[in-house]
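Chain and residue survey
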Amino acid sequence: MKIRPLTGALGAEILDADLTDPDQFDAIRQAFIDHSVITIRAQSLTPDDHLRFARRWGDINVNRFFAALDTHPEIAIVLKEPDQTGAIGEVWHTDHAYDQEPAMGSILYGIEIPEVGGDTVFCSMAAAYDALSDRFKSLLDGLHAWHSSRHVFGASQSKSDASRTGRVGNADNATQDALHPVVIKHPLSGRPGLFVNPQFTTQIDGLTQPESDAILNMLYDHCQKPEFQCRVRWKTGDVTMWDNRATWHKAINDYHGHRRYMNRITVQGGPLESA
Ligand code: SIN
């Protein structure tokens with residue numbers, strides 16, 4: 001197995017690995033801890049193989065809103081057909097931030113990939129935190145922020161392209177609100193990192209909305225610096241796993257007129273601690 005870092009901030013691609021081989025799991029787990037995003041190239045997985053690999057990490061956190069495989073309700077479908085305009089996950093986010101115990105990781109398997117486009121971009125929340133001034137870090141110390149599913153998956157979104165095309169549904173289940181530290185101690189590495197994101201974070205607790213917006217928007221601008229990023233260029237058969245407690249991600253919607261079809265499993269995390 002070869003592990004090649006993608007950038008100085010985060011991400012690695014793994015070549016010559018086989019996710020169905022349990023003997024390779026420890027090396028893959030270590031690469032995940034070291035790089036936060038790993039792309040394991042050229043796999044050939046059945047849905048059962050995908051699930052078996054995911055269960056080695058922990059329990060499955062079944063997504064409430066995405067369409068799922070009929071045969072495997074734990075496997076969410078991430079799909080854009082040639083005639084559809086909106087892609088799933090176009091806004092920077094971390095999966096399931098609105099849960100009391102956000103998902104530790106997501107495992108996305110590329111089944112049909114456009115010739116060009118449809119990359120996924122990731123940001124390191126630890127690198128972004130490290131680059132803040134000490135004064136600003138002290139300002140964030142002890143703050144908590146609210147995260148919600150309501151404004152993204154709730155009734156107000158039922159006219160979105162993804163809802164109309166049946167890829168996202170169950171608006172009545174969008175009832176989650178969760179309070180998490182703004183700066184967390186990463187459960188695996190112990191490294192401090194930001195845990196707020198543009199899609200699901202609604203307000204810093206105890207601040208007025210304008211005060212909260214000023215801080216969050218400053219952080220969002222800061223986190224999007226290319227220095228903190230890596231970009232995964234997919235090929236059919238690739239599997240990318242990312243750590244939702246250490247990263248943001250965003251699907252690049254630049255392949256209109258082409259089909260992109262992926263299967264995603266989300267692995268359960270635990271409560272988040274302040275750094
Ligand atoms: C997601 O946000 O989980 C999907 C990412 C992607 O399709 O690249």
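Coordinates for the structure precede this section.
Throughout what follows, the structure given in this document is the object of discussion. (Residues numbered from 1 in each chain as written. Predicted model: local features only at pLDDT ≥ 70, side-chain atom pairs only at ≥ 80, totals over all residues. Heavy atoms only, no water.)

Some details on the packing of aromatic side chains
Evaluated as defined, the whole model comprises 13 aromatic pairs. With a centroid separation of 4.8 Å and 75° between ring planes, the pair formed by Phe25 and Trp57 is classed as edge-to-face. Placement of the pair is Phe25 in helix H1 (residues 25-35) and Trp57 in the loop between helix H2 (47-55) and strand E4 (76-80), with a sequence separation of 32 residues. Exposure remark for Phe25: the relative accessible area of 11% places this residue in the buried category. Taking 4.9 Å as the distance between ring centres and 75° as the angle between the ring planes, the aromatic pair formed by Tyr98 and Phe200 counts as edge-to-face. In this pair, Tyr98 is assigned in the loop between E4 and strand E5 (105-112) and Phe200 in the loop between strand E10 (192-194) and strand E11 (201-204), connecting sequence segments 102 residues apart. The buried category is assigned to Tyr98, whose relative accessible area is 1%. What makes Phe200 buried here is its relative accessible area of 3%. Each member of the aromatic cluster is reached from another via a ring pair, and the members are Phe65, Phe66, Tyr98, Phe153 and Phe200. (Phe/Tyr/Trp six-rings, centres within 6.5 Å; stacked < 30°, edge-to-face > 60°. Helix = DSSP H or I, 4+ residues; strand = E, 2+ residues; numbered from the N terminus. Buried < 20%, exposed > 50% of the residue type's maximum accessible area, 1.4 Å probe, protein only.)

Brief notes about the sheet that holds strand E14 (residues 247-251)
If you walk across this open sheet you meet the three strands as E12-E6-E14, and the pairing is antiparallel. Here the strands that pair on one side only, and so sit at the sheet edges, are strand E12 (229-232) and E14. Between one strand axis and the next, the sheet turns by 20° as a mean value, whatever way the strands run. Across four bridges, strand E6 (residues 120-124) lies against E12 in antiparallel orientation. Residue Phe122 lies in a different strand from E12, and its bridge partner there is Cys230. (Pairing = 2+ DSSP bridges. Axes fitted to C-alpha atoms, helices over the stretch in contact; angles between N-to-C directions.)

Details of the environment of Thr266
Here Thr266 is to be found in strand E15 (residues 260-267). Assessed through its relative accessible area of 2%, Thr266 is described here as buried. Once the C-alpha coordinates of Thr266 and Lys137 are considered, the two residues, 129 residues apart in sequence, prove to be 30 Å apart. Those residues in contact with Thr266 that sit more than four places away from it in its chain are Asp59, Ile60, Asn61, His96, Ala103, Gly105 and Ser106. (Contact = heavy atoms within 4.5 Å.)

Things to note about the site of the ligand
Inspection of the region around the ligand gives Val78, Gly89, His93, Asp95, Leu108, Thr120, Trp242, His249, Ala251, Arg260 and Arg264 as its neighbouring residues. Within the side chain of His249, a nitrogen or oxygen atom sits 3.0 Å from an oxygen atom of the ligand. Contacts to the ligand include Arg264, whose side-chain N or O atom sits 2.7 Å from an oxygen atom. For the shell around the ligand, the elements supplying multiple residues, two or more each, are E14 and E15. Class assignment of the residues belonging to the shell around the ligand gives a composition of four nonpolar, four polar and three charged. (Near = heavy atom within 4 Å. Polar contact = N/O pair within 3.5 Å; in protein donor to acceptor, adjacent residues only side chain to side chain. Nonpolar A, V, L, I, M, F, W, Y, C, P; charged D, E, K, R; others polar.)

A word on the pairing of E14
Within E14, four of the five residues are buried, leaving the element largely enclosed by the surrounding structure. Where E6 lies against E14, five bridges are found, and the strand directions are antiparallel. Its bridge partner being in E14, Cys123 is matched across the sheet by Trp248.

Topic: the nonpolar core
Membership of the largest hydrophobic core comes to 27 residues, with the highest contact counts inside it found for Ile38, Phe53, Trp57, Ile107 and Met241. With four residues, H1 is the largest single contributor of residues to this core. Every residue in contact with Met241, bar those within four places of it in the chain, is listed here: Phe32, Ser36, Val37, Ile38, Phe53, Trp57, Met104, Ser106 and Ile107. Grouped together as the second largest cluster of nonpolar side chains are 26 residues, Tyr98, Cys230, Val232 and Leu272 included. (Core = buried A, V, L, I, M, F, W, Y, C linked by side-chain atoms within 4.5 Å.)

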